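# Summary of structural features
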Amino acid sequence: MARQPPPPSVHAAILLCLLSLSGAIEIPMDPSIQNELSQPPTITKQSVKDHIVDPRDNILIECEAKGNPAPSFHWTRNSRFFNIAKDPRVSMRRKSGTLVIDFRSGGRPEEYEGEYQCFARNKFGTALSNRIRLQVSKSPLWPKENLDPVVVQEGAPLTLQCNPPPGLPSPVIFWMSSSMEPITQDKRVSQGHNGDLYFSNVMLQDMQTDYSCNARFHFTHTIQQKNAFTLKVLTNNPYNDSSLRNHPDMYSARGVAERTPSFMYPQGTASSQMVLRGTDLLLECIASGVPTPDIAWYKKGGDLPSDKAKFENFNKALRITNVSEEDSGEYFCLASNKMGSIRHTISVRVKAAPYWLDEPKNLILAPGEDGRLVCRANGNPKPTVQWMVNGEPLQSAPPNPNREVAGDTIIFRDTQISSRAVYQCNTSNEHGYLLANAFVSVLDVPPRMLSPRNQLIRVILYNRTRLDCPFFGSPIPTLRWFKNGQGSNLDGGNYHVYENGSLEIKMIRKEDQGIYTCVATNILGKAENQVRLEVKDPTRIYRMPEDQVAKRGTTVQLECRVKHDPSLKLTVSWLKDDEPLYIGNRMKKEDDSLTIFGVAERDQGSYTCVASTELDQDLAKAYLTVLADQATPTNRLAALPKGRPDRPRDLELTDLAERSVRLTWIPGDDNNSPITDYVVQFEEDQFQPGVWHDHSKFPGSVNSAILQLSPYVNYQFRVIAINEVGSSHPSLPSERYRTSGAPPESNPADVKGEGTRKNNMEITWTPMNATSAFGPNLRYIVKWRRRETRETWNNATVWGSRYVVGQTPVYVPYEIRVQAENDFGKGPEPDTVIGYSGEDYPRAAPTDVKIRVLNSTAISLQWNRVYPDTVQGQLREYRAYYWRESSLLKNLWVSQKRQQASFPGDRPRGVVSRLFPYSNYKLEMVVVNGRGDGPRSETKEFTTPEGVPSAPRRFRVRQPNLETINLEWDHPEHPNGILIGYTLKYVAFNGTKLGKQIVENFSPNQTKFTMQRADPVSRYRFTLSARTQVGSGEAVTEESPAPPNEATPTAAPPTLPPTTVSVTGVVSSTDATATAATTEATTVPTIPSVAPTTMATTTVATTTTTAATTMERPPTTTSETKMPESGPRAEEEEAQVPKS
């Protein structure tokens, strides 16, 4: 028996918002307040900046605005007042600024081209639209020309120029034959972005058609066709044998000379291209050659952005979408065939029209308050900022002592009613401009309550609750709470008042029941509202179901007795294995128990009693174990062959009710194996006709059952019998039975809201099936609004399973509801789900990046975290980009490939490891959200100290005879510093007996060593390592070859007589540090039957080394590197570094 704690109760509360932002006031969405308060104009709708119109239609230039009082409108054309009254063709829509230019009675639309700007004015200020450039669409005719046949040698390149007439907007170009058959394009023949048709090499088959360039114009939907080109191909093989097209060497078979590639477009070896941020970059390379060249694209110093780059036109074009500053650099295309290759380098510069960092927002203040308007934009080149007020330059406006301009910010101090106006910020550079309106409104409003009066809040005893009281006023009122109309202000102890005025009661007691009054006060007056709080007893299961063990076929009763508040409606339900329990005809559910008759093995599992009211619930769980029979009596059927049962037959529907029906069937033969179960399936003909679904399952002793049905489903049933051998074939279907419709009783599941772009949110859900639709024309009412605001719900009706909300701010939370509806009505009130709009790239970089070198392969990083409002999404991680600039060893080439280290979460420090010792590095930091990287921080430089080297490479031990052993090795792959020498340790061994270890030290240029062995029986174990000033690095161990008789060793005596070995050093021709002669005398055990012998010499050989160019990989070593005592603190976790 187990008891689960109840979930936290759902605390009813009244919404409250005391809206303030940097001292500013936000006007509630309440229509009564919106209509009462005075407001300067705000532009709500306008035409696009580049407005191209169809000359066949009337011209419409949109301008809508709101304000109180309603604004009036006027226009300028080419910066001069546009007098609408003087032109009979021009009118303005009622209660709107939208211009309508009517050409039904004649006139030329081209006469009205120009730059228009709309002004919306009321007594509190003037708002401006963008400058709207009006242009009339043009589709000029193709100039007539007579084209001579184009004569070309087979295998030569060819360009057929299109030169379409300059339309507005530009026409879509495509090539066809004069009989309107499309021209087949491939990597040999293709159309360039400029509209020309390029042949990398001409073949004889190209004469089989002619070639006409076609231009399709957007507005008129007309296609103009240029006179067709006719080709005449000169060839050495006049027979156009189609079988040669698939010949493995088609060109040689036709006698066409092969040649290396050359570029047809662009010309030369280098070019440059400028692209604006946020647009698409299109790079194109078209090459000639025989065979037809292949085109490949690369970016110097990095990889192509895989998430944005795609190849077009048979790899001849590279398109990078949504270009950002990091896409600048040098790209090159490589054209290659078997004869050779050429490349063309394109230098890409990314510029940017102005884009907002901080767009100015409307500012609503109370008299005497301070505030500011901020207008920050970025671009390349850096945009300039110009402030205007009511459409006039700020410098020509009347002076205002309460206003101060500081670059991109206007500061207001001690504002008064006279300070109301509309300010414009215009930020521009050579690539474009941004214009924003923001009004300053000064309000003087006494407090007023926004919620219904005398609301009732019910809460469970000992829970936490929060009472809210939405209000509005200017200046912003203060809010106080009182209980039962008396006593002092409630704050402290069991009460806590938040900054926004909400009253939280930390633990509800019986004595907290009563009437609570909230009072809002400012200098203009006060307003109050009341909330009645009722405290209810919790729901508790005081007699819980107990774990039970039952034999198959017996009866089991699970108790569940509940105590609850009598004023609340109690519902008791059961779960089996945490899923809703289907109460079949073998089960009986009462208010305080669940009884199971004829227990079967499938009844085994956990049973949970759920006692719930509208405010809380309690759970209790027990486990039922079912024992099988001890022995099964034998019968005459045991010896007979068993088979699957025959299908049930003669299905009949009776007891037809609105939500149920009785299904009866005749069992088929069980074929000597008793039927254990029947599965009833259904099919409906509206959502998934022909697809059968499981409806319910019944024991094998049953052949009639009541089926519970859903509304508005045209049912058809069939039955499958099951025994221990398997399942029968399905029965023939029953007759159909349609239930009547009803409103849905549930809503779609898995409701989510996620941004797919920075300015949208996609709402998705799992659509409901036929048995939950309950009626015809199933649809979904989608509602959304910004979280924690008082704005009204937006809604849309959707017949699918997704809806995209556009024009959303970047990464803000939304409340989302999706409610099912059919023609009979709406489903229950849906749950509220929190979703988020799309993310944008972070705006700021980590600052004050500090680097501390921990050891030769690791550094500690510390930085200042970015402000949360600059992340513009969910902060995934901080990321360090670092690269190796150079090695401190001369003449050592290093890879400068960028690597990255990730530090998940919002943390201010981390560790970067697996660095190369003795190297110069550079490092940049970024912050990363779900959209991608933010801007890079200032580049930092650091140097890693020397480390220990890796193991010497290719350590070889050779034994040319029984008297000498030759050792050779190569320098370490990773010196990790300046090598100062090698250390060789070796020891003689015979079976399990070891001699004394001998140590040899060699110069850094020495890579050979020859040793005279003392006897033919002992073997030697050699261990070699390289050294830097830091110490010895990873060692490599080899053993001398085994002598022929080692397979049958003889017992070795316990001691061996000494053998003296003299080592003579040899001076290297390139290393003056080597000593002329070095002698070390060491003792080596030998077999006692051999007399002590003094070896005269042991030859030491050196090699002359030259500077080698080596590409290094990150060093690995088996030696332990000790961290400095001043290493990173415990919380400095090592970064997650991708393996290179």
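Before any of the text, the structure's been laid out above.
What counts and how
- Residues numbered from 1 in each chain as written.
- Predicted model: local features only at pLDDT ≥ 70, side-chain atom pairs only at ≥ 80, totals over all residues.
- Heavy atoms only, no water.
- Disulfide = S-S within 2.5 Å.
- Helix = DSSP H or I, 4+ residues; strand = E, 2+ residues; numbered from the N terminus.
- Pairing = 2+ DSSP bridges.
- Axes fitted to C-alpha atoms, helices over the stretch in contact; angles between N-to-C directions.
- Salt bridge = Lys/Arg side-chain N within 4 Å of Asp/Glu carboxyl O.
- Buried < 20%, exposed > 50% of the residue type's maximum accessible area, 1.4 Å probe, protein only.

### A word on the state of the cysteines
A covalent bond between the sulfur atoms of two cysteines is referred to as a disulfide. By the definition in use, this model includes 6 disulfides. The disulfide that involves Cys-560 links it to Cys-609, with 1.9 Å between the sulfurs. When the S-S torsion is -75 degrees, as for the bridge of Cys-560 with Cys-609, the disulfide is left-handed. Of this pair, Cys-560 sits in the loop between strand E52 (556-559) and strand E53 (561-563) while Cys-609 sits in strand E58 (residues 605-612), and the two are 49 residues apart along the sequence. Of note for the chain: the bonded cysteines, numbered N- to C-terminal, pair according to 1-2, 3-4, 5-6, 7-8, 9-10, 11-12.

### Some remarks on the sheet that holds strand E57 (residues 593-596)
Note on sheets: strands pair through backbone hydrogen bonds, and any given pair is parallel or antiparallel. A sheet is described by the order of its strands in space; here 3 strands give the open sequence E52-E57-E56, paired in antiparallel fashion. Pairing within the sheet leaves two strands with one partner each, and these edge strands are E52 and strand E56 (587-590). The average angle at which neighbouring strand axes cross in this sheet is 10 degrees, direction not considered. In this structure, E52 lies alongside E57, joined through 4 bridges in antiparallel fashion. Residue pairing across strands places Glu-559 opposite Ser-593, the latter belonging to E57.

### Observations regarding the pattern of salt bridges
Tallied over the full model, the rule gives 59 salt bridges. Note that Glu-821 is salt-bridged to Arg-779, the shortest N-O span being 3.4 Å. Of the two residues, Glu-821 sits in strand E72 (residues 813-822) while Arg-779 sits in strand E69 (residues 779-786), which places them 42 residues apart along the sequence. Of the charged contacts in the structure, one is a salt bridge between Lys-922 and Glu-941, with a shortest N-O distance of 3.8 Å. Linking Lys-922 in strand E80 (residues 919-929) with Glu-941 in strand E81 (residues 940-943), this pair joins segments that are 19 residues apart in sequence. The exposure class assigned to Glu-941 is exposed, which follows from its relative accessible area of 60%. Salt bridges sharing partners connect three or more residues here, namely Arg-954, Arg-956, Arg-958, Glu-968 and Asp-970.

### A word on the sheet that holds strand E45 (residues 478-483)
In space, the 4 strands of this open sheet follow the order E42-E49-E48-E45, with mixed pairing throughout. Looking at the sheet topology across the chains shown, the edges are occupied by strand E42 (455-460) and E45. Sheet twist, expressed as the average angle between the axes of neighbouring strands with direction ignored, equals 25 degrees. Across 6 bridges, the pairing between E42 and strand E49 (residues 525-536) is parallel. Paired with Leu-456 across the bridge in E49 is Arg-532.

### Points about unusual backbone geometry
Trans is the prevailing form of peptide bonds, just as negative phi is the prevailing case for residues other than glycine. Going from Asn-68 to Pro-69, the amide bond is cis rather than trans, its omega being 5 degrees. Here Pro-69 is to be found in the loop between strand E7 (63-68) and strand E8 (72-77). In this model, Asn-78 sits at a positive phi of 55 degrees, which is unusual for a non-glycine residue. Along the chain, Asn-78 turns up in the loop between E8 and strand E9 (80-82). Although it is not a glycine, Asn-976 adopts a positive phi angle of roughly 60 degrees. Structurally, Asn-976 can be placed in the loop between strand E83 (964-970) and strand E84 (981-990).

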